[in-house]
Amino acid sequence: EMPRRVRLVEVGPRDGLQNEKQPISVADKVRLVDDLTSAGLHYVEVGSFVSPKWVPQMAGSAEVFAQIKQKPGVTYAALTPNLKGLEAAIEAGVSEVAVFGAASEAFSQKNINCSIDESLARFAPLMTAARENGIQVRGYVSCVLGCPYEGEVDPKRVAHVAHELFAMGCYEVSLGDTIGSGTPGKTRQLIEAVSREVPRDKLAGHFHDTYGQALANIYASLQEGVCTFDSSVAGLGGCPYAKGASGNVASEDVLYMLNGLGIETGIDLDMLIAAGQRISDVLGRPTGSRVARARLAA
Ligand code: HMG
Ligand code: MG
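These figures come from a predicted structure and were not determined experimentally.

## A closer look at the overall build of the chain
Line of reasoning, step 1. Tallying secondary structure elements over the chain gives 12 helices and eight strands in all.
Line of reasoning, step 2. Whereas a compact globule of 298 residues would reach a radius of gyration of roughly 19 Å, the chain reaches 17 Å, a difference of no more than 12%.
Line of reasoning, step 3. The buried share of the chain, reckoned over its 298 residues, is 52%.
Line of reasoning, step 4. Sequence-distant contacts, at least 24 apart, represent 73% of the contacts inside the chain between residues at least 6 apart.

In structure tokens, the structure reads:
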């Protein structure tokens, strides 16, 4: 039984742009976020409050928050790895934040410079402060279907970290296929395993499209009852700590598939394609969305 409605979490301005080497102006980032909400996205991950030494491209996130047109009913979120990040995010006017852990020790070290257990311990005071400020927290688990350093990752390890995040108060846990190596059968097994710890309606799928499997993995997740997916307009991005990883699945392509399945999202495909085209022009390269390319050629 497929869900009738799907919630799309747009991560292009964060997961997409964080990996860009060329400077992107605050104005271009603001335009992207506003274009996305005009297209009907109800949730946009706008930026990150992380160390600017680690991810320089996200250093201007507070300015981006200051300049976007915040529409009622839209969630404007940011990544926050620690209390310092949360404080900066609240100061900037976020509606929600996300913490990010991993199911692989090696990836945790490379990405956030601590072990999995240390990361969970760091999130605890953040959760308390967020609750006191009325800020909801989303949780990410990276490397759910493979790690760039450790290879195979046992679904039980993913289930454990997902459980810890949910138990500490994350309202939803997004399962990140950081390197895009997952396939549909493994995706279903993963969701079976994780749903023993976290209810399916509290899970989200976050598929990078490195191996071209993301849409198939989303379809498999839909069959498992997952109804929230992260995607990136124009397929922007990668991960600075996962070499060779390409962007998230393109939002346009996910929307086209969902439209074809008769699943509601509230998003306008033509406006989403236009948003993707505008940021691709800024970056000076063709869009990573197959649907946008097909429309352009038609
Ligand atoms: P650290 O060096 O261990 O931290 O880094 P520290 O607490 O020792 O601080 C070191 C310096 O960073 C200090 O500055 C702090 O003030 C500063 P200094 O004294 O050297 O000038 N600092 C901060 N500055 C701004 N904002 C902060 C902050 N915290 C400390 N919040 C840390 C630990 C977590 C900070 C670092 O490793 C970091 O920032 N990592 C971010 C990595 C990142 O953003 N990765 C990409 C996002 S995750 C992702 O893409 C995966 C996902 O998409 C899902 C998937 O696909 O799998 C979510
Ligand atoms: Mg990601």
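## A short note on the confidence of the model for the chain
Line of reasoning, step 1. Of all residues in the chain, 98% have pLDDT values of 70 or greater, and the mean over the chain is 96.
Line of reasoning, step 2. For this predicted complex, the interface confidence score (ipTM) comes to 0.98, while the overall pTM stands at 0.97.

## So, the site of ligand 1
Line of reasoning, step 1. Neighbouring ligand 1 are 27 residues; Val 50, Ser 51, Gly 85, Ser 142 and Gly 176 lie closest to it.
Line of reasoning, step 2. Put simply, the parts of the chain that give the shell around ligand 1 at least two residues each are α4 (83-92), α5 (105-112) and β5 (136-142).
Line of reasoning, step 3. It is α4 that provides the largest number of residues to the shell around ligand 1, a total of three residues.
Line of reasoning, step 4. Class assignment of the residues belonging to the shell around ligand 1 gives a composition of 13 nonpolar, 12 polar and two charged.

## Things to note about unusual backbone geometry
Line of reasoning, step 1. With phi around 65°, Asn 113 is a residue other than glycine that occupies positive phi space.
Line of reasoning, step 2. Tracing the backbone through its elements, the reader meets Asn 113 in the loop between α5 and α6 (116-132).
Line of reasoning, step 3. In the Ramachandran plot, Cys 143 falls in the positive-phi region, its phi being about 65° despite a non-glycine side chain.
Line of reasoning, step 4. Considering the arrangement of structural elements, one finds Cys 143 in the loop between β5 and α7 (155-167).
Line of reasoning, step 5. By the C-beta count within 10 Å, which is 30 here, Cys 143 ends up buried.

## Observations concerning the nonpolar core
Line of reasoning, step 1. Judged by nonpolar contacts, the single largest core of 83 residues is most densely connected at Val 141 and Val 158.
Line of reasoning, step 2. Non-local contacts of Val 158, meaning those with residues more than four positions away in its chain, are made with Ala 103, Val 141, Val 144, Val 153, Leu 175, Leu 190, Ala 193 and Val 194.

## Observations concerning the pairing of strand β4 (residues 96-102)
Line of reasoning, step 1. In terms of burial, β4 is largely enclosed, as six of its seven residues are buried.
Line of reasoning, step 2. Where strand β3 (residues 75-79) and β4 come together, three bridges link them in parallel fashion. When the bridges of β4 are listed, Ala 77 appears paired with Glu 96.
Line of reasoning, step 3. The handedness of the β3 to β4 crossover, carried by α4, is right-handed.

## Considerations on α6
Line of reasoning, step 1. Its 17 residues place the ends of α6 25 Å apart at the C-alpha level, agreeing with the 24 Å of an ideal helix rising 1.5 Å per residue.
Line of reasoning, step 2. Listed as buried for α6 are Ile 116, Ser 119, Phe 123, Leu 126 and Ala 130.
Line of reasoning, step 3. Residues of α6 that are buried make contact with α4, β4, α5, β5 and α7.

## Some points on the packing of helix α10 (residues 251-260) against helix α11 (residues 269-283)
Line of reasoning, step 1. With their axes 10 Å apart at the nearest point, α10 and α11 run at an angle of 165° to one another. The orientation of α10 with respect to α11, classified from their angle, is roughly antiparallel. By crossing handedness, the relation of α10 to α11 is classed as left-handed. For the pair α10 and α11, the contacting residues are Ser 251, Glu 252, Leu 255, Tyr 256 and Asn 259 in the first and Leu 269, Leu 272, Ile 273 and Gly 276 in the second.
Line of reasoning, step 2. Class assignment for the residues of the contact of α10 with α11 results in five nonpolar, three polar and one charged.

## A word on the packing of α7 against helix α8 (residues 184-194)
Line of reasoning, step 1. Remark: α7 packs on α8, axes separated minimally by 8 Å, with the N-to-C direction vectors making an angle of 45°. Classed by the angle they form, the pair α7 and α8 counts as oblique. Crossing angle aside, the handedness with which α7 passes α8 is right-handed. Between α7, through Pro 155, Lys 156, Val 158, Ala 159 and Ala 162, and α8, the contact on the second element is made entirely by Gln 189, Leu 190, Ala 193 and Val 194.
Line of reasoning, step 2. Looking at the contact of α7 with α8 residue by residue, the classes come out as seven nonpolar, one polar and one charged.

## Comments concerning the environment of Gln 223
Line of reasoning, step 1. Within the secondary structure, Gln 223 sits in helix α9 (residues 214-223).
Line of reasoning, step 2. Accessibility expressed as a C-beta count within 10 Å gives 14 for Gln 223, which makes it partly exposed.
Line of reasoning, step 3. Sequence spacing of Gln 223 and Glu 150 is 73 residues, and the spatial spacing of their C-alpha atoms is 29 Å.

## Here's the deal with the environment of Ala 77
Line of reasoning, step 1. Considering the arrangement of structural elements, one finds Ala 77 in strand β3.
Line of reasoning, step 2. We classify Ala 77 as buried; it has 25 C-beta atoms within 10 Å.
Line of reasoning, step 3. Spatially, the C-alpha atom of Ala 77 lies 15 Å from that of Asn 133, the residues being 56 residues apart in sequence.

Conventions adopted
- Residues numbered from 1 in each chain as written.
- Chains lettered and ligands numbered in written order.
- Predicted model: local features only at pLDDT ≥ 70, side-chain atom pairs only at ≥ 80, totals over all residues.
- Helix = DSSP H or I, 4+ residues; strand = E, 2+ residues; numbered from the N terminus.
- Rg over C-alpha atoms; globule rule 2.2 N^0.38 Å.
- Buried ≥ 20, exposed ≤ 12 C-beta atoms within 10 Å, placed from the backbone.
- Contact = placed C-beta atoms within 7 Å.
- pLDDT = per-residue confidence, 0-100.
- Near = placed C-beta within 6 Å.
- Nonpolar A, V, L, I, M, F, W, Y, C, P; charged D, E, K, R; others polar.
- Core = buried A, V, L, I, M, F, W, Y, C linked by C-beta atoms within 7 Å.
- Pairing = 2+ DSSP bridges.
- Right-handed = clockwise from strand over helix to strand, strands pointing away.
- Expected span 1.5 Å × (residues − 1).
- Axes fitted to C-alpha atoms, helices over the stretch in contact; angles between N-to-C directions.
- Parallel < 35°, antiparallel > 145°, perpendicular 65-115°, else oblique.
- Left-handed = near helix turned anticlockwise from the far one by under 90°.

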